[in-house]
Structure formats: structure tokens, C-alpha cells
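Close look at the chain arrangement
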Amino acid sequence: MSAGPAYRPAHFVGDGALLDVAEAIAADWAALGMRGSFLARDLGTGAQLGFDARTPVPLASVVKVPLALVVLDRIAAGDLDADRPVTVDPATSSVGPTGLSAFRHPATVAVGDLLGLMLSVSDNAAADALFGLVPAADVDARLHAWDCGDLRVRHRMNRMYECAAGAAGNDFSLALELAVRDERSGRHTLEMLDPARANAGSATALVDLLHRVWQDEISRPAATAELRRLMGAQLFTQRLASELRADALRVSGKTGTFLHLRHEIGVVEADSGHRVAIAALTRSDRRAGLAPDIDLAIGTAARDAFEALRH
């Protein structure tokens with residue numbers, strides 16, 4: 001944890017009691033050595049709370065959500081077949097601990113199943129196979145055409161690991177050290193941590209995207225329905241869903257983790273009809289590959305925001 005003064009967000013979102021909740025979440029994050037952006041919005045009323053929600057941040061694996069939407073849009077338009085086979089070779093595929101990224105032998109998988117692996121277990125190799133079919137520049141252009149200009153898609157997933165290796169060799173702990181040091185200094189030794197060069201977006205842009213996906217106000221209904229289904233199948237529940245485990249609640253989300261970045265975006269839906277879209281984008285001040293207290297702080301923030309917005 002940094003020995004410097006506690007970080008405090010510059011801009012808060014919310015009125016009255018909602019502002020109080022936003023300030024409490026920011027204080028809890030600062031106490032853990034977390035910086036970041038947070039936004040929660042009731043999809044029915046439009047009421048919202050958060051802080052620093054328009055600050056651009058490198059997205060890590062959260063970028064897989066807009067990638068998936070563009071791929072699904074092409075499938076819905078008839079320009080790409082969900083059953084098209086794609087061969088992924090470990091010799092040339094992306095680094096990662098899950099799914100095809102962990103395979104030792106070539107595997108052939110349909111496009112629709114690549115989408116499932118990418119969103120359920122955050123498979124980087126599956127994502128880069130999809131980027132091979134729909135390049136980052138095409139995804140970025142489609143987002144711009146949909147008026148999502150604050151979301152930028154610039155590179156494949158493996159570019160993050162290539163960048164880290166270029167600065168720190170195979171020493172991931174050194175790359176983490178550089179990320180934490182640069183967070184304090186404002187420099188960007190690692191190119192993929194620079195929002196001006198990385199896949200990047202703000203909490204507001206991401207919540208806007210979720211809002212439009214859940215309201216079928218972007219792309220095509222077949223594409224948005226499938227994206228909602230796939231996000232609902234995410235297996236990682238240690239962040240947004242960690243404090244929202246109940247039979248009457250459903251959490252559909254996507255995590256993003258790289259070096260000191262720990263993110264998640266998603267939508268919390270209650271049987272009562274309440275729906276709240278949330279984006280939590282965080283950077284930590286510690287040299288730790290695992291930080292369950294930070295994951296839990298994201299979950300606590302999601303729970304507190306959901307409860308405040310539905311009352």
C-alpha cells in the first residue's frame with residue numbers, strides 16, 4: 001500500500017443519499033489502497049451513483065464484451081456463421097490461464113463456442129481467435145458507428161503480455177512492480193497501461209453500453225439477447241456477485257484482470273424487476289497478484305449501490 005496521502009476521487013455522481021453511498025464506497029477503496037472509477041445506474045429510473053466515472057481506463061478483459069457484441073452483430077446480420085470452425089494453435093495463440101489459452105495442442109472450435117469460452121472463463125486465446133475474424137480496427141469502427149466513441153478497441157489480448165514481456169522479460173513480478181510505480185508517478189512504462197494506446201473506456205461508457213444491450217437499443221435483438229445469455233454464464237463470481245448471492249438475484253458480468261488492474265462490469269437483476277448496471281474499474285497500490293480483499297470491496301460496492309438504487 002502506498003505511504004502517500006489517501007487517494008480521493010475528483011468527481012462524484014449522485015444526489016442526497018446516493019452521493020453519501022458513492023462517497024462511502026470511495027473511502028472504503030482508498031483505505032485498501034485502491035484507485036478507480038465506479039458507476040451504478042438503475043436501468044428503469046436512470047438514477048445513478050459513482051465517482052470519476054468519465055475517466056478513461058485500460059480495460060483488460062472487459063474489452064471482450066464489446067468484441068462479443070460486434071461478433072454477435074455480424075452473426076445476426078448473416079455475415080458470419082456461428083458454426084464456422086476455427087483452429088487455435090497454442091504455438092501462436094494468446095497467453096492466459098484458462099480455456100484454449102491453457103491447451104497444449106491445436107483445437108478446432110466453432111465461432112459460437114469461442115464466444116462462450118471468451119465470456120464464461122475469459123479465454124484470451126478464444127478472444128484473439130475472434131479478433132482474427134473481426135480485427136480490432138473493425139470492432140472500434142463499429143462501436144464508433146453505434147455512438148460508443150468513448151470505448152476504444154485498439155489491439156488483441158496478447159498485445160498486453162507482449163508489452164509486459166518487452167519491459168520486464170519473463171518476470172511478471174517486475175512488470176507488476178513497474179505498473180504500481182507508474183501508477184504513482186503518472187508515467188506509462190508499459191504501453192498497454194496507457195489509456196491513450198490501450199483498449200480503453202470509462203465507467204460511464206461501459207454502463208451506457210450495458211444499458212443499451214439490456215434495453216435492445218444497440219445492434220440487433222438476436223445479438224443483444226445472446227450477449228446477455230453469455231454474460232450470465234460467467235463462472236467468476238469473486239467480484240460483483242460476491243455480495244449479491246441470492247435466489248432472487250441474477251448477476252451477469254465480465255471481469256478484467258491485468259497486473260494491478262481489477263475490473264468488472266455487469267448487470268444485477270432482481271425478481272422484483274429492478275435492474276442495475278455497474279462498472280467497477282480499479283487499480284491497486286500493492287505488488288500482489290492476488291487480492292481477495294479488493295475483489296470483495298468491489299462486491300461490497302456493488303451490493304451497496306444496488307440496495308441504494310432500488311429503494
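Above this note sits the structure.
As a starting point, this report considers the structure included with it.

Parameters at a glance
- Per chain, the residues get numbers from 1 upward, laid out in the order the sequence is written.
- The predicted nature of this model means local features are confined to residues of pLDDT at least 70 and side-chain atom pairs, given and counted, to a pLDDT of 80 or more, with totals for whole chains, interfaces and linings taken over all residues.
- Heavy atoms throughout the structure, all of them, feed into the side-chain values; hydrogens and water do not.
- Numbering of helices and strands runs from the N terminus, with a helix taken as a DSSP run of H or I at least four residues long and a strand as a DSSP run of E at least two residues long.
- For every residue, the accessible area obtained with a 1.4 Å probe (protein chains only) is divided by the maximum for its type, and the residue is called buried under 20%, exposed over 50%, and partly exposed between those limits.
- Definition of nonpolar core: a set of buried residues of the types Ala, Val, Leu, Ile, Met, Phe, Trp, Tyr and Cys, connected through side-chain atoms within 4.5 Å.
- Any two residues whose heavy atoms approach within 4.5 Å are treated as being in contact.
- When DSSP locates at least two bridges between a pair of strands, those strands are taken to pair.
- Axes, fitted as lines to C-alpha atoms, cover a helix only where it is in contact. Angles between the N-to-C directions of the axes lie from 0 to 180 degrees.
- Roughly parallel refers to an angle under 35 degrees, roughly antiparallel to one over 145, roughly perpendicular to one between 65 and 115, and oblique to any angle outside these ranges.
- Any residue outside Ala, Val, Leu, Ile, Met, Phe, Trp, Tyr, Cys, Pro, Asp, Glu, Lys and Arg is labelled polar, Gly included; the first ten of those are nonpolar and the last four are charged.
- The aromatic pairing rule takes the rings of Phe, Tyr and Trp, using the six-membered ring of Trp, and pairs them if the centres are within 6.5 Å, calling planes under 30 degrees apart stacked, those over 60 edge-to-face and the rest tilted.

Here we come to unusual backbone geometry. Positive phi, close to 55 degrees, is recorded for S122, a residue that is not glycine. Structurally, S122 is set in the loop between α3 (111-120) and α4 (124-133). Residue classification places S122 among the buried positions, given a relative accessible area of 12%.

Moving on, we come to the nonpolar core. Counting 75 residues, the largest nonpolar core has L114, M118 and L227 as its most contacted members. No other element matches helix α8 (residues 203-214), which puts 8 residues into this core. Setting aside anything within four residues of it in sequence, one finds L227 in contact with V65, A68, L69, L72, L119 and V213. If you look at the next biggest cluster of nonpolar residues, it comprises 28 residues, including A40, A270, V276 and L309.

Our focus in this paragraph is the sheet that holds strand β2 (residues 34-42). Read across the open sheet, the 6 strands follow the order β1-β3-β2-β10-β9-β8; overall the sheet is antiparallel. Of all strands in the sheet, those bounded by a partner on one side alone are β1 (12-13) and β8 (249-258). Alignment of strand β9 (residues 261-270) against strand β10 (residues 275-284), held across 9 bridges, turns out to be antiparallel. Residue pairing in the sheet places H263 in a bridge with L281 of β10.

On to the packing of α8 against helix α9 (residues 221-231). The description of two helices packed together rests on the angle between their axes and the distance between the axes. Where α8 meets α9, the axes come as close as 9 Å, and the angle between the chain directions of the two elements is 115 degrees. As the angle between them shows, α8 and α9 are arranged roughly perpendicular. Between α8 and α9, the contacting residues are L210, V213 and W214 on the first element and T224, L227, R228 and M231 on the second. Its residues assigned to classes, the contact of α8 with α9 comprises 5 nonpolar, 1 polar and 1 charged.

Another aspect to go through is the packing of aromatic side chains. Overall, the coordinates contain 5 aromatic pairs when judged by the stated rule. Relative to F51, the ring of F12 lies with its centre 6.0 Å away and its plane at 55 degrees, an arrangement referred to as tilted. A residue pair is termed long-range when its members are at least 10 positions apart, and F12 in strand β1 and F51 in strand β3 (residues 48-51) qualify at 39 residues. For F12, a relative accessible area of 23% translates into the label partly exposed. Overall, the relative accessible area of 1% leaves F51 in the buried class. Among the aromatic side chains, those forming a connected cluster through ring pairs are F12, W29, F38 and F51.

Our focus in this paragraph is the pairing of β9. The buried fraction of β9 amounts to 10 of the 10 residues, a majority that puts the element mostly inside the structure. Of the two faces of β9, the one holding L261, H263, I265, V267 and E269 and the one holding R262, E264, G266, V268 and A270 are both buried throughout. Across 10 bridges, β8 lies against β9 in antiparallel orientation. Bridging from a neighbouring strand, G253 pairs with G266 of β9. Hairpin connection from β9 to β10: 4 residues lie between these consecutive antiparallel strands, with G273 at a positive phi of about 105 degrees.

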